Amino acid sequence: MQVVATGTLVFLIIGAAGIGVLALALLGTELFQFAHADVDGPISVETVAGFAGAFGFGGAIVNELLGARTPGMIVGAAAGGVLAAAPTGWLASRLSRAARNMRTDPTPTRDDMVGAIGLVVTPVPLNGYGEVRVRLAGQPVKLSARADEPIPIGTQVFVVQALSETSVHVEAY
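Residues numbered from 1 in each chain as written. Predicted model: local features only at pLDDT ≥ 70, side-chain atom pairs only at ≥ 80, totals over all residues. Heavy atoms only, no water.

Engineer: Tell me what's going on with helix α2 (residues 45–66), and back it up with residues and numbers.
Structural biologist: Its 22 residues place the ends of α2 31 Å apart at the C-alpha level, agreeing with the 32 Å of an ideal helix rising 1.5 Å per residue. Among the residues of α2, Glu46, Thr47, Ala49, Gly50, Gly53, Ala54, Phe55, Gly56, Gly58, Gly59, Ala60 and Asn63 are the ones counted as buried. Elements in contact with the buried residues of α2: α1 (6–26) and α3 (71–100). Within two residues after α2, Gly67 carries a phi angle of roughly 65°, on the positive side. (Helix = DSSP H or I, 4+ residues; strand = E, 2+ residues; numbered from the N terminus. Expected span 1.5 Å × (residues − 1). Buried < 20%, exposed > 50% of the residue type's maximum accessible area, 1.4 Å probe, protein only. Contact = heavy atoms within 4.5 Å.)

This is how it looks when you write it as structure tokens:
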């Protein structure tokens, strides 16, 4: 049975902790968010965590390759860890910044429902609500619907007005 050097074990623990924090940070848990969400400081949590993970695992690899048992050799292993960690920290910084600044479509609002074409899925009575299914931003959405005249199931409709976020006024198309 081979015994793991103390230096290697310490490097592995640092690496595992760094990778754990990096996974939590990239999954959006905002575990270390102490200030406003947009305030990240000069160095992000993802950068530090990526650096620590690569430093730990890189240092463990170099420590085992050197067979480091003296303090001087452990310092050399730490230098090898820094060589692995610098590009990894930079890459983590760039990737996390790209993910945070990714452009997305705006969230649809009730005004986006006006003009949509839909289908009656529950008949719309004269003085009550039925249900229609429309496509909003490419997604099917079921809404409560009112109309000036009764509309039977299966009729294609046009949204004239958005009464609320979940109800519309429709006309037969």
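Engineer: Could you give an account of the pairing of strand β5 (residues 167–172), with specific residues and numbers?
Structural biologist: Across 3 bridges, the pairing between strand β3 (residues 139–146) and β5 is parallel. Paired with Ala145 across the two strands is Val168, which belongs to β5. Note: strand β4 (residues 156–162) against β5, 5 bridges, orientation antiparallel. In the strand pairing of β5, Val157 is matched with Ala172. (Pairing = 2+ DSSP bridges.)

Engineer: I'd love a proper account of α3, names of residues and values included.
Structural biologist: Residues spaced three or four apart along an α-helix face the same direction, because each turn holds 3.6 residues. Taking 1.5 Å as the rise per residue, α3 with 30 residues should run 44 Å; its terminal C-alpha atoms sit 41 Å apart, in good agreement. Along α3, the sharpest change in direction is near 30° and occurs at Ala85; proline Pro87 comes one to four residues later. Buried residues along α3 sit in contact with α1 and α2. (Bend = angle between axes of the 7 residues up to and from the residue.)

Engineer: Describe the pattern of salt bridges, with residues and values.
Structural biologist: Taken as a whole and judged by the stated rule, the model has 1 salt bridge. In this structure, the salt-bridge partner of Lys142 is Glu131, at a minimum N-O distance of 3.7 Å. Linking Lys142 in strand β3 with Glu131 in strand β2 (residues 130–136), this pair joins segments that are 11 residues apart in sequence. The class of Glu131 is partly exposed, set by a relative accessible area of 28%. (Salt bridge = Lys/Arg side-chain N within 4 Å of Asp/Glu carboxyl O.)

Engineer: I'd like a rundown of the sheet that holds β2, residues and numbers included.
Structural biologist: The sheet built from 5 strands closes into a barrel, its strands ordered β1-β2-β3-β5-β4 with mixed pairing. Here the average twist between neighbouring strands, direction ignored, is 55°. (Axes fitted to C-alpha atoms, helices over the stretch in contact; angles between N-to-C directions.)

Engineer: Describe in detail the nonpolar core, supporting the description with residues and values.
Structural biologist: Judged by nonpolar contacts, the single largest core of 16 residues is most densely connected at Val132, Ile151, Val168 and Val170. Elements supplying a minimum of two residues to this core: β2, β3, β4 and β5. Residues in contact with Ile151, not counting those within four places in the same chain, are Val120, Pro123, Val124, Val157, Val170, Glu171 and Ala172. (Core = buried A, V, L, I, M, F, W, Y, C linked by side-chain atoms within 4.5 Å.)

Engineer: Any details on the side chain of Asn63? Residues and values, ideally.
Structural biologist: When you line up the elements, Asn63 lands in helix α2. Judged by its relative accessible area of 0%, Asn63 falls in the buried class. If near-sequence neighbours (up to four positions away) are discounted, Asn63 is found in contact with Ala5, Gly7, Thr8, Phe11, Ala68, Ile74 and Ala77.

Engineer: Any chance you could break down the packing of α1 against α2 for me, citing the residues and the numbers?
Structural biologist: The relative placement of two packed helices comes down to the angle between their axes together with the axis-to-axis distance. At a minimum axis distance of 7 Å, the contact between α1 and α2 shows a crossing angle of 155°. Here α1 lies roughly antiparallel to α2, going by the angle between them. In the packing of α1 onto α2, the handedness of the crossing is left-handed. (Parallel < 35°, antiparallel > 145°, perpendicular 65-115°, else oblique. Left-handed = near helix turned anticlockwise from the far one by under 90°.)

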